[in-house]
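Results of the structural survey
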Amino acid sequence: MSLEMKVPSMVCNGCVDTVTKAIKGLDSDATVEIDLVTKTVKVDGKPSEDSIKQAITSVGHTVES
């Protein structure tokens, strides 16, 4: 499943690492691409959109639809 979402609370590479690790915690084989300039997260993996959003918010970030 391929998803794209906006995570406006990301401001640095540390945020990128945190969000990536949260998603990889759900699916270690997932492909995660993050563009810090546009604050976009693209995920290609098995977890559902809700699971991914929950993982991102659990590490302190906000997700926009």
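Before any of the text, the structure's been laid out above.
In this report, the structure presented in the accompanying data block is examined. (Residues numbered from 1 in each chain as written. Predicted model: local features only at pLDDT ≥ 70, side-chain atom pairs only at ≥ 80, totals over all residues. Heavy atoms only, no water.)

A look at the nonpolar core
Within the largest apolar cluster, 13 residues are counted, with the highest numbers of intra-cluster contacts made by Ile23, Val41, Ile52 and Ile56. At the level of elements, strand S1 (2-6), helix H1 (13-26), strand S3 (40-44) and helix H2 (49-58) are the ones that each hand at least two residues to this core. It is H1 that contributes the most residues to this core, 3 residues altogether. Dropping the residues within four chain positions of it, Ile52 is found in contact with Leu3, Met5, Ile23, Leu26, Val43 and Pro47. (Core = buried A, V, L, I, M, F, W, Y, C linked by side-chain atoms within 4.5 Å. Buried < 20%, exposed > 50% of the residue type's maximum accessible area, 1.4 Å probe, protein only. Helix = DSSP H or I, 4+ residues; strand = E, 2+ residues; numbered from the N terminus. Contact = heavy atoms within 4.5 Å.)

Concerning the pattern of salt bridges
Per the counting criterion, the structure on display carries 1 salt bridge. One salt bridge in this structure joins Glu49 and Lys53, with 3.2 Å as the shortest N-O distance. Placement of both Glu49 and Lys53 in helix H2 is noted, with a separation of 4 residues, approximately one turn of the helix. With a relative accessible area of 35%, Glu49 lands in the partly exposed category. (Salt bridge = Lys/Arg side-chain N within 4 Å of Asp/Glu carboxyl O.)

Description of H1
A rise of 1.5 Å per residue sets the reference length of H1, with its 14 residues, at 20 Å; its end C-alpha atoms lie 20 Å apart and thus fit the reference within 8%. Residues Cys15, Val16, Val19, Ala22 and Ile23 constitute the buried set of H1. Along H1, the residues classed as buried sweep out an arc of 130° about the axis, all on the same side. In H1, those exposed residues whose orientation departs by more than 90 degrees from the buried face are Asn13, Lys21 and Gly25. Tucked inside the fold, the buried residues of H1 contact strand S2 (31-35), S3 and H2. (Expected span 1.5 Å × (residues − 1). Arc of directions from axis to C-beta.)

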